Amino acid sequence: MQVKRFGVSLDEDLLTILDTFVKNEKFPNRSQAIRFLIKKNTVEEKWKGNKVVAGAIILVYDHHKRELQNISTQIQHDYHHLILCVQHVHLDHHNCLETIAVKGKAKELTELADKLKAIKGIKHSKLVMSTVD
Ligand code: NI
C-alpha cells in the first residue's frame, strides 16, 4: 500500500498529550501512534455498528468449581457459531486461563462475553475487540 504524507496542525496542549502517549506506549514515532489511534477508532466504530468483527474472550477461573465449567461449556455450545477456537491453559494448581477466539456480529459477541463474565466464580474476564480485516 502506498504511504501518503500529510501535515497535521495541533495546538501545543494536544501535541504534548500526543507526545506523552508516544512515550508511554513506546511508539517509535508520532506517525505510528496516529495510525494506532485511527485503527482503534475504526475498530470501535465497527463494534458500535454491530458489524462482523473478531476478537477474543479471556477468562480466568478456579477449575475446582466444577459447576462453573459445566455452565461455561453450555453457554459456549449455545454460541458455537461464533467460536473459532478455545485455548485452555492450566496456570497453576487452581487456576485456568481460557482464551476464546470469536468472530461474528458485534452484539452477539458482546452478549456471549457478558454471559461468560456473569458465571459465578469467574475471577477475571475481558473481551478484546478487534476486526476481521
Ligand atoms: Ni485448567
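Predicted, not measured: the structure shown is a model, and the values here were computed from it.

Q: Any chance you could explain the nonpolar core here in plain terms?
A: The biggest cluster of nonpolar side chains holds 21 residues, and the ones touching the most others in it are Ile57, Leu59, Ile100, Val102, Leu112 and Leu116. Residue assignment for this core shows that the elements contributing at least two residues are helix H2 (30-48), strand S1 (52-62), helix H3 (66-78), strand S3 (95-105) and helix H4 (106-117). When residues of this core are assigned to their parent elements, the largest contribution, five residues, is made by H4. Contact partners of Val102, with chain neighbours within four places excluded, come to Val53, Ala54, Gly55, Ala56, Ile57, Leu82, Ile83, Leu84, Leu109 and Leu112.

Q: Help me out: how do you make sense of the coordination of the nickel ion in this one?
A: Looking at the metal site, the nickel ion is ligated by His88 (NE2), His90 (ND1) and Cys96 (SG), spaced 2.0 to 2.3 Å from it. Sequence positions of the residues that donate to the nickel ion give the spacing H-x1-H-x5-C. A residue is classified by how much of its surface remains accessible, and His88, at 30% relative accessible area, is partly exposed. A relative accessible area of 2% means that Cys96 is categorised as buried.

Q: In this structure, what is going on with H2? I would like to understand it.
A: Taking 1.5 Å per residue as the helical rise, H2 with its 19 residues ought to reach 27 Å, and the 27 Å between its terminal C-alpha atoms agrees with that figure. For H2, the full list of buried residues reads Ala33, Val43 and Trp47. End-on view of H2: buried residues confined to an arc of 85°, all on one side of the axis. Exposed residues lying more than 90 degrees from the buried face of H2 are Ile38 and Lys48. Residues of H2 that are buried make contact with helix H1 (12-24), S1, H4 and strand S4 (122-130). Its side-chain oxygen at 3.3 Å from the backbone nitrogen of Ser31, Asn29 defines the N-terminal cap of H2. Looking one or two residues past H2, Asn50 carries a phi angle of roughly 55°, positive in sign.

Q: How do you make sense of unusual backbone geometry when you look at a structure like this?
A: For residues other than glycine, phi is negative in most cases, and the peptide bonds are mostly trans. A positive phi is found at Lys26, a non-glycine position, where the angle reads about 60°. Here Lys26 lies in the loop between H1 and H2. A positive phi angle, close to 55°, is found at Asn50, a residue other than glycine. Structurally, Asn50 can be placed in the loop between H2 and S1.

Here is what the cut-offs are and how they apply
Residues numbered from 1 in each chain as written. Predicted model: local features only at pLDDT ≥ 70, side-chain atom pairs only at ≥ 80, totals over all residues. Heavy atoms only, no water. Core = buried A, V, L, I, M, F, W, Y, C linked by side-chain atoms within 4.5 Å. Buried < 20%, exposed > 50% of the residue type's maximum accessible area, 1.4 Å probe, protein only. Helix = DSSP H or I, 4+ residues; strand = E, 2+ residues; numbered from the N terminus. Contact = heavy atoms within 4.5 Å. Donors = N, O, S within 2.8 Å, 3.2 Å for Na, K, Ca; no water. Expected span 1.5 Å × (residues − 1). Arc of directions from axis to C-beta. Polar contact = N/O pair within 3.5 Å; in protein donor to acceptor, adjacent residues only side chain to side chain.

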